Amino acid sequence: MILYIIVAVTTVLLGFLVNNHCSGIRGGVSRQQMLNGLCLVSVFLLLFALSACRLNVGNDYAKYVEFMHLVNCDAYVPTEAGFNSIVRVIYGISGFENFLLVFAFFAFFTVLLFLLAIYRQADHFGFSFFLFMAFGYYFQSFNTVRYYLALAVALCAVPYVLRREWFKFVLLILLGATLHKSLLVVIPLYVLASLDWKKWQLALGVLFCTTFFFLQDFYLKVVVFLYPTYEDTEYLEGGTSYVNIMRCLAVLALSLICYGRTVKESRRNRFYFYCNLGALVMYVCCSFLPIISRIGYYLTITHIFFLPALIGGMESKRMRRLFTVCAAAAGILYFTLFMSRAGNAGLRILPYETFMFHEMVPILSDVN
């Protein structure tokens, strides 16, 4: 845990040195741009190294090694074609089942795309990066590596939604869906969040949401149709996160306070507003759906941009400072709670082990 805290604190401090809105000098590079480059490269290397050097860290690490082995044996696996192709290429180049290189590949692009998205879209890189780390998105990427790379792709696709560049948006999502098909849900979700909803449309939306309470069997059948491997498994048990509900409620309350000044006339902030509202509806109304949190994360990831935008749009300097402190305190509390359960079976990112000092445990194929 100490290692995680050191990495988190170091990268956040480096992040606050980055100014992602600086302009260059004529015919050269400014000092700030050089500092940006140095800090961003340092942050990337720290996060990439920690992720790439881990061994059997994450609740599904061994399962992924098993999947990779089955892919190499041309056996059936429930993973998507893009993932399977990456495994075959890396194993073919390596000449052996080099699963460490596969994990390093996913770590490289996951960290790279998240940093790229934050640098390009954040009002304040340091604040957004702090929230990214505090809300546990980076450390959770040690689990379900396909999903978190898909989440990074979704975040990179947001500017296309805001600019109404639908072809580029859909093309990028379809490409990312070859790694994790859950990414396809952002096509309708992000399109809906980009609309300028009228009151009567919101009323119809509320009416539709009531169907989640009395048509649960129908929606579960739809999920099983889309994900046949979920049938008769623990994944159909559903469940929700009260912590995420509280977070969405807090963001909703703040956005309603700032709505007239910061949200109403901003297409970007309205998009974030409806993403948060949609996530809240899902966590409250769709708890029966399997792994609802994965769908919700595609919406709540926008919190890392929305909170700084809301606070930065406040007219009173005193209020900006107050809510910045409150957001920082909430982030630290969230990170503390996250780390307190980091060793639990659902996460299992503690204890940290590396291939330099530890050996991989036998996978299912080795035991059989």
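Once a new chain begins, its residue numbering starts again from 1 and follows that chain's sequence as written. Thresholds applied to this predicted model are a pLDDT of at least 70 for local features of residues and 80 or more for the giving and counting of side-chain atom pairs; totals over whole chains, interfaces and linings are not thresholded and use all residues. Remark: hydrogens and water are excluded; side-chain values derive from all non-hydrogen atoms of the structure.

Helical segments are the DSSP runs of H or I of at least four residues, strand segments are the runs of E of at least two, and each set is numbered from the N terminus. Looking only at helices and strands, one finds 20 helices and 0 strands in the protein chain. The C-alpha atoms of the protein chain give 21 Å as radius of gyration, which agrees with the globular expectation for 368 residues (21 Å, within 12%). In terms of its C-alpha atoms, the protein chain occupies a principal-axis envelope of roughly 65 × 60 × 40 Å. Whether a residue is buried, partly exposed or exposed follows from its accessible area with a 1.4 Å probe, protein chains only, as a fraction of its type maximum: under 20%, in between, or over 50%, in that order. Here the protein chain holds 368 residues, and 48% of them are scored as buried. When we talk radius of gyration, it's over C-alpha atoms, and the globule rule is simply 2.2 Å times the number of residues to the 0.38.

This brings us to the nonpolar core. Definition of nonpolar core: a set of buried residues of the types Ala, Val, Leu, Ile, Met, Phe, Trp, Tyr and Cys, connected through side-chain atoms within 4.5 Å. Ranked by size, the top nonpolar core spans 118 residues in total, and within it Tyr4, Phe129, Phe139, Tyr190 and Ile304 carry the most contacts. With 15 residues, the single largest contributor to this core is helix α8 (residues 145-162). Contact partners of Ile304, with chain neighbours within four places excluded, come to Ile118, Ser128, Leu131, Phe132, Phe135, Tyr137 and Leu155. Pairs of residues are marked as contacts when any of their non-hydrogen atoms sit within 4.5 Å.

Let's shift gears to the packing of aromatic side chains. Aromatic rings from Phe, Tyr and Trp, taking only the six-membered ring of Trp, are treated as a pair when their centres fall within 6.5 Å; an angle between ring planes under 30 degrees marks them as stacked, one over 60 as edge-to-face, and anything in between as tilted. Under the criterion given, the structure shown has 37 aromatic pairs. Aromatic side chains Phe114 and Phe132 sit 4.8 Å apart centroid to centroid with 45 degrees between the ring planes, which places their arrangement in the tilted category. Here Phe132 lies in helix α6 (residues 125-134) and Phe114 lies in helix α5 (residues 99-121), a separation of 18 residues in the sequence. The exposure class assigned to Phe114 is buried, which follows from its relative accessible area of 2%. Judged by relative accessible area, Phe132 falls into the buried class, the value being 2%. When the ring of Phe132 is compared with that of Tyr137, the centres are 6.3 Å apart and the planes differ by 15 degrees; the resulting orientation is stacked. Each of the two residues, Phe132 as well as Tyr137, counts as buried. Counting every residue linked through ring pairs, the aromatic cluster contains Phe44, Phe48, Tyr61, Tyr64, Phe67, Phe83, Phe99, Phe103, Phe105, Phe106, Phe108 and Phe109. The ring of Tyr147 carries Arg294 above its face, with NZ or CZ at 5.9 Å from the centroid. Charge over a ring is defined by NZ of Lys or CZ of Arg lying within 6 Å of the ring centre and within 35 degrees of the ring normal.

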